[in-house]
Amino acid sequence: MFLLCAGMRLLGVLPCRQSRREQPIFTTRAHVFQIDPSTKKNWVPASKQAVTVSYFYDVTRNSYRIISVDGAKVIINSTITPNMTFTKTSQKFGQWADSRANTVFGLGFSSEQQLTKFAEKFQEVKEAARLARDKSQEKIETSSNHSQASSINGTDDEKASCAGPANTHLKSENDKLKIALTQRAAGWTAPTLPVTAWPPPGSAANVKKWEIELQTLRESNARLTTALQDSAASVEQWKRQFSLCRDENDRLRNKIDELEEQCSEINREKEKNTQLKRRIEELELELQEKETELIDLRKQSEIIPQLMSECEYVSEKLEAAERDNQNLEDKVRSLKTDIEESKYRQRHLKVELKSFLEVLDGKIDDLHDFRRGLSKLGADN
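Residues numbered from 1 in each chain as written. Predicted model: local features only at pLDDT ≥ 70, side-chain atom pairs only at ≥ 80, totals over all residues. Heavy atoms only, no water.

Colleague: Looking at this structure, I do not really get the overall build of the protein. What am I missing?
Modeller: Tallying secondary structure elements over the protein gives four helices and eight strands in all. Going residue by residue from the N terminus, the α and β elements of the protein occur as α-α-β-β-β-β-β-β-β-β-α-α. A buried classification covers 20% of the 381 residues belonging to the protein. For the protein, the exposed surface amounts to about 28,100 Å²; the carbon and sulfur share of it is 56%. (Helix = DSSP H or I, 4+ residues; strand = E, 2+ residues; numbered from the N terminus. Buried < 20%, exposed > 50% of the residue type's maximum accessible area, 1.4 Å probe, protein only. Areas by Shrake-Rupley, 256 points an atom, 1.4 Å probe, with all protein chains shown as cover.)

This is how it looks when you write it as structure tokens:
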């Protein structure tokens, strides 16, 4: 493991400070393959022998990677995403596609147990990556919603908290100022209070006091007018901010609609990928069947020389049998000729025998006649 980390640090895949934040969580050994980029069908060996393949976890980025190094060459550097799928294509072989690297990685294990452990770890890491992505999205959405709500609600609250008291105070001060000016213009009539509470009308002290109060009210009116103008300017600014927030909200809604369309396209692409995976599995099964047929044909091709020697031996025996057959046919023809000749002689002998029998019968008849004559002669004597 130390050699693996040192090699990756030398190649820049795992820097020194990154080696402290990125630690291996699972390690195994397997033969590494990559899909042929030209045909996208055949596997190309990436390692000459079984090499170390490890899962790494990056604490800072909260991400997972599969890394493998063969000597001084990095043959796998794949970041795991929730969209990836590890597929078992046989009892000792599995594969996954990396869209960032634009390739498909394949691993050949020495046993089915190693393949099962690697696939289970891939599923765990994939689920952890999905949870990390969901948490980051939730944080982004929460911060975005909070900022929008604070910008909109804060604007309304500031309007209510600033504009409300300021307007109320301004109206009350204006009402007081109007009343005071009206009383001043009318020569000021004492209110219905005890006389001792107010200075008598027309006195110099009272006039001076009301001049000072009028000046104070004018200054207060000027301050209130300025505050009212500032409040109106703030209201306009808040209106502009609200309009900007509303435009931003519309833009975000349009962005959400675009993202939903992209998600639907991604789902369609996932369906296409699923169909392609099924087709790839079917083609792999067909390929395995063809490989089995090829092995059978190779075995049969090993038997062909023996069969050819046997065929030559049989051919020689067949030629000898044909020669024997020809000899036998010649003998049969000669025998047929002999038979025909014997039949001819038999017919000739039959004719001669028949004529001989006829002569013999005549002779016998003559002997019978001669015997009867002798018998008669003997009887007469």
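Colleague: Just to check I follow, could you spell out a nonpolar patch on the surface for this structure?
Modeller: Together, L353, F356, L357, L360 and I364 make up a nonpolar patch on the protein surface, roughly 420 Å² of accessible area in all. Mapped onto the elements of the fold, L353 is located in helix 4 (residues 204–380). (Patch = residues over 30% accessible without salt bridge, like charges linked within 9 Å, V, L, I, M, F, W, Y side chains within 5 Å. Salt bridge = Lys/Arg side-chain N within 4 Å of Asp/Glu carboxyl O.)

Colleague: Is there a simple way to explain the nonpolar core in this structure?
Modeller: Across soluble globular proteins, nonpolar side chains show a tendency to be buried alongside one another. Counting residues in hydrophobic clusters, the biggest one holds 22 residues, and the most contacted among them are V32, I66, I76, W96, L107, F118 and F122. Residue assignment for this core shows that the elements contributing at least two residues are strand 1 (22–35), strand 3 (51–58), strand 4 (63–70), strand 5 (73–79), strand 8 (103–108) and helix 3 (112–185). Looking at this core, the element that brings in the most residues is helix 3, giving five residues. Not counting residues within four places of it along the chain, the set of residues in contact with I76 comprises V32, I66, I67, S68, W96, F105 and L107. (Core = buried A, V, L, I, M, F, W, Y, C linked by side-chain atoms within 4.5 Å. Contact = heavy atoms within 4.5 Å.)

Colleague: Please clarify how a negative patch on the surface should be interpreted in this entry.
Modeller: Residues D257, E258, E260, E261, E265 and E269 make up a contiguous surface patch of negative charge. Its location among the elements puts E261 in helix 4. (Lys, Arg positive; Asp, Glu negative; His and termini not counted. Charge placed at Lys NZ, Arg CZ, Asp CG, Glu CD.)

Colleague: Can you help me understand the pattern of salt bridges in this one?
Modeller: Between side chains of opposite charge, a pair can form as their charged atoms come close. Across all of its chains, the model carries eight salt bridges by this definition. Between D330 and R333 there is a salt bridge, with the nearest N and O atoms lying 2.0 Å from each other. One end of the pair is D330 and the other is R333, both in helix 4 and three residues apart, which spans about a single turn. For D330, a relative accessible area of 33% gives the class partly exposed. Among the residues examined, R333 registers a relative accessible area of 43% and is labelled partly exposed.

Colleague: Can you help me understand the side chain of S47 in this one?
Modeller: Mapped onto the secondary structure, S47 falls in the loop between strand 2 (43–45) and strand 3. Residue classification places S47 among the buried positions, given a relative accessible area of 7%. Looking at S47, its side chain comes within polar contact range of the main-chain nitrogen of V32, at 3.2 Å. Non-local contacts of S47, meaning those with residues more than four positions away in its chain, are made with H31, V32, D70 and I75. (Polar contact = N/O pair within 3.5 Å; in protein donor to acceptor, adjacent residues only side chain to side chain.)

Colleague: I'm lost on the packing of aromatic side chains in this one. Help?
Modeller: We describe a pair of aromatic rings using the distance from one ring centre to the other and the angle between the two ring planes. Applying the stated criterion to the full structure yields twelve aromatic pairs. Look at Y57 and Y64: their rings are 4.7 Å apart centre to centre, the planes differ by 35°, and that puts the pair in the tilted class. (Phe/Tyr/Trp six-rings, centres within 6.5 Å; stacked < 30°, edge-to-face > 60°.)

Colleague: What is the right way to look at unusual backbone geometry in this model?
Modeller: Glycine aside, the phi torsion of most residues is negative, and most peptide linkages are trans. Phi at N62 is positive, roughly 55°, even though this residue is not glycine. Topologically, N62 is positioned in the loop between strand 3 and strand 4.

Colleague: What should I look at first to understand the pairing of strand 5 in this one?
Modeller: On a regular strand, each side chain points to the face opposite its neighbour's, so the side chains alternate between the two faces of the sheet. As judged from the six bridges shared by strand 4 and strand 5, these two strands associate in the antiparallel manner. The partner of D70 across the bridge, within strand 5, is K73. In this structure, the hairpin formed by strand 4 and strand 5 is closed by a connection of two residues, where G71 is found at a positive phi of approximately 70°. (Pairing = 2+ DSSP bridges.)

Colleague: Looking at this structure, how should I read the pairing of strand 8?
Modeller: Burial analysis of strand 8 places five of its six residues in the buried class, which makes it a mostly covered element. Alignment of strand 1 against strand 8, held across four bridges, turns out to be antiparallel. The residue bridging V32 from the neighbouring strand is L107, located in strand 8. Here strand 7 (residues 93–98) pairs with strand 8 via six bridges, running antiparallel. Residue pairing for strand 8: A97 is matched across the bridge by V104. The turn joining strand 7 and strand 8, which pair antiparallel and follow one another in sequence, is formed by four residues; a positive phi near 55° is taken by N102.

Colleague: Is there a simple way to think about the confidence of the model for the protein in this case?
Modeller: Low-pLDDT portions of the prediction should not be read for the details of their coordinates. Looking at the protein as a whole, the pLDDT averages 78, with 77% of positions reaching at least 70. The model gives residues 1–19 a pLDDT under 50, and that stretch makes 32 contacts with residues more than four places away or in other chains. pLDDT under 50 marks residues 184–202. Its contacts with residues more than four places away, or in other chains, come to 14 contacts. (pLDDT = per-residue confidence, 0-100.)

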